[in-house]
Structures are given as C-alpha cells and as structure tokens.
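# Summary of the model geometry
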Amino acid sequence: MATFSDQSRVKKTEPVVWLLFLGVLYTLYFTQSLLMPVVVTSLIALLLSPLVAGLQRLHIPRTVSAFLLVATLIAPFTFLGAELAEPAQKWAKLVPELTQHITEQLDSISDAMDGKENAPAQNDDDGFSFFGIFSEKAEQAPVKSDDNAMSQRLKQGGLEIMLSVLSSTPLILAQLMTGVILTLFLLIFGPKLFEAFILYFPKIADKDQARCLVATIQKELSRYIVTVSIINAGLGLSTALVLYFIGIEDALLWGVLAGLLNFIPYVGSLIGATILTLAGLVQFGMQVTALIPPGVYFVLNLIESQFITPTVLGRNMQLNPLIVVLWLLVWGWLWGAVGVLLAVPLLVCIKLTLAQLNIWTHWLKIIEAKSE
C-alpha cells in the first residue's frame, strides 16, 4: 500500500512540476530586461568577491577595493571599444552593400539560367565580380533600370538593422551604467546582506553548511570563469596576431570576435569560421587565399578546444555537448545573444549546486555524461 501511495503522490505532483517549469520559463522570457542585468552583475560580483575579501584582509576597505577592481575591469573593454569603433562602423555600413550585391549576383545567375541576355558581362581582369564593390571599376558596371524587389528589401533590411542598433545605443548605455552600479553595491553590501539572510531566515537550519555551500560554489565558479576568460582571451590574441602578420585587415576586430564567440561552445566556432570566411572573400576575392583566415582560426580553435581547455579545467568541468547545445538554444530564445553568453556559466553553476547538495543526482549524471 505504501508503494502505491507513493506512486500516486508522484503522479499528482507531476502536473505541478510542469506548471512550475513553464512558469519559470514565462518569467525569464518576459522579465529579461530586469533579470538579465541582475544575473550578469551577480556573476561579475561572484567573480570579484574573493579579490575584494582578500584586499579587505589587507585592511583595504571594501568600497575602495570594489571601485578599483571595477575600474580595472572596465578599462580594457573601454580601450577595445575605442579601437574597434572605426572597423565596426565600416563593416556595419558594408552590410547593406554586400546584401544588395549578393542579390544582384543571384539575379544575374537566375537570368542566365532562364536564357535572358541582360546578364552583366564578366571581365577576368577585374577579379571575382561578387566583390566588385571593392574595385575601382565597379562604378562603371552596368546597373539594371528595374531593381529587383528582393534586392530592395534586403538593402532596406540592412539599413533597418543599422538604425535599430543606433536607436538602441542609449538603452545599452543605461543598462551598462545600471550594471556597474549594481556590481559595486553587490561587492560592497552583498556579504553583509547574505550573512543577515543566513542568520535570520528561519528555514535555514544548518547555517554553517549554507555558508560552506555558497563559498564552495563561489570558489569553483570563479575559478571556472577566470580560467575560461583567460583561455578565450589567449585565443583571441593569438588569432589577432596571426591574422595581422599574414596581412588580414581589421585583425584586432576578428581576434576580439573570436575570443567572445569562444564563450559559446561548439556554435561559436562555426559562427566565427563563417565570418572569417566572408572577411577572406571580401579581401582576396574568390581565391584559395580567402580560406587562410578561417583556416587559421580553425587550427587555433582546435588546439584550444582539444588540448588546452581539457588540460587546464580537467574532466570534472566537462559537460555533455548535446546538453550544452540544447541549453544554448533555450537561453538564446529566452535572452538572445546575452543569454547565449550566460548559458554555460549558469549551467556550470547549476552543476556545482547539485553536486554540493547531493540532490537530483540523475540530472547531474546526464549533464556530465561523456561524449566518448
């Protein structure tokens, strides 16, 4: 009878669990503007808290150390933003022209297949006509009087993307300022608030265990984020240096992009290779040398993913690739690009919490399932 009652109780709670799961997804999706800065700043504060605590033991006030660390963290990103502003603007302006030219070439191929005689003539000395917008003779190329409707829509779409980015700049700046302020407050007042929560919250019976749990998760997650950030920064710097020495334009931009995309396992490397392929085609045209940038990125990414990261992090931090990809899709749908960047650190945080609490061990084993 006891077994039957237990099974009946589990069946009754299953709908409640699914409703709770859907409610959490609904909340995360529709409150992203509120929760996203909180999650980002919480991870940053979690990363910097051990340093603030260490400086406090050296009799440096938390307020002073928090301001110094946040300023130290902001400085390199400000420098990179200033250096990358010009090439980023150049490529942003280039996107509508590229989309229009791609469509024109597709139209000419379609016209040739249909037997039409109005396809533009090709000149072998001009290079690959696909990138004629970069050549001096492109101005003399014949232009169709009746532009294709698809071409107009693509060009308009590229302009709309540019206008959307420009219009969202004030909101992005406001969110950045909010994140900086919230990070400072978490670093300065967070520990006292956490200690008060532990002391006065009645449902926490074993307070020492709760402190130990949070300290362990903080230490391991901080180690993971710092290690992955250093590895990705090294990959980005290596990519930028190699591309610079072989003469690729805007090498710093592609290096920073490679480092950022490496925070997105598996999917990020595919996106990076695609972008660098486009950059190679733009600079070299339809030649074998156009494959040099993606080839360099592929080799460096292969060395990082197969040798450096497993050696440094160890097998305890390895995650099942399929689980990671599904997790990226979910957070990409919930919070867009920021959600994709936050997905893996959040998954690691969940994995560490389950391991420390020794609960839901079946889910923990699924997350850690080996791919080999």
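Overview of the structure. None of the values given here were measured: they were computed from a predicted structure.

### Quick look at the overall build of the chain
A count of helical and extended segments in the chain gives eleven helices and zero strands. Reading the chain from its N terminus to its C terminus gives the helix and strand order α-α-α-α-α-α-α-α-α-α-α. The buried share of the chain, reckoned over its 372 residues, is 29%. Considering only intrachain contacts with a sequence separation of at least 6, the fraction spanning at least 24 residues in the chain is 71%. When the accessible surface of the chain is totalled, it reaches about 24300 Å², and 69% of it is carbon and sulfur.

### Re the packing of helix α7 (residues 251-261) against helix α8 (residues 267-284)
It is the contact of α7 with α8, at a shortest axis distance of 9 Å, that shows an interaxial angle of 165°. Classified by the angle their axes make, α7 and α8 are roughly antiparallel. When you trace α7 past α8, the crossing you get is right-handed. In this structure, α7 contributes Trp-254, Leu-257 and Leu-261 to the contact, and α8 contributes Gly-268, Ile-271, Gly-272, Ile-275, Leu-276 and Ala-279. Within the contact of α7 with α8, the residues separate by chemical class into seven nonpolar, two polar and no charged.

### Observations regarding a nonpolar patch on the surface
A cluster of nonpolar side chains, Phe-298, Val-299, Leu-302, Ile-303, Phe-307, Ile-308 and Val-312, forms an exposed patch at the surface whose accessible area comes to about 650 Å². Residue placement: Ile-303 occurs in helix α9 (residues 292-313). Of the residues examined, Ile-303 reaches a relative accessible area of 40% and is grouped as partly exposed.

### Thoughts on the packing of helix α2 (residues 32-57) against helix α6 (residues 207-245)
Two numbers describe how α2 lies on α6: the axes approach to 9 Å, and their chain directions differ by 100°. By the angle between their directions, the pair α2 and α6 is classed as roughly perpendicular. Here Leu-43, Leu-46, Leu-47, Ser-49 and Pro-50 of α2 lie close against α6, whose contacting residues are Gln-218, Leu-221, Ser-222, Ile-225 and Val-226. Class assignment of the residues belonging to the contact of α2 with α6 gives a composition of seven nonpolar, three polar and no charged.

### Focus: unusual backbone geometry
Peptide bonds are, in most cases, trans, and in most cases residues other than glycine have a negative phi. Backbone geometry places Asp-250, a non-glycine residue, at a positive phi of 55°. Relative to the assigned elements, Asp-250 resides in the loop between α6 and α7. Judged by its relative accessible area of 21%, Asp-250 is partly exposed. Positive phi values are uncommon outside glycine, yet Tyr-266 reaches one of about 65°.

Calculation notes
- Residues numbered from 1 in each chain as written.
- Predicted model: local features only at pLDDT ≥ 70, side-chain atom pairs only at ≥ 80, totals over all residues.
- Heavy atoms only, no water.
- Helix = DSSP H or I, 4+ residues; strand = E, 2+ residues; numbered from the N terminus.
- Buried < 20%, exposed > 50% of the residue type's maximum accessible area, 1.4 Å probe, protein only.
- Contact = heavy atoms within 4.5 Å.
- Areas by Shrake-Rupley, 256 points an atom, 1.4 Å probe, with all protein chains shown as cover.
- Axes fitted to C-alpha atoms, helices over the stretch in contact; angles between N-to-C directions.
- Parallel < 35°, antiparallel > 145°, perpendicular 65-115°, else oblique.
- Left-handed = near helix turned anticlockwise from the far one by under 90°.
- Nonpolar A, V, L, I, M, F, W, Y, C, P; charged D, E, K, R; others polar.
- Patch = residues over 30% accessible without salt bridge, like charges linked within 9 Å, V, L, I, M, F, W, Y side chains within 5 Å.
- Salt bridge = Lys/Arg side-chain N within 4 Å of Asp/Glu carboxyl O.

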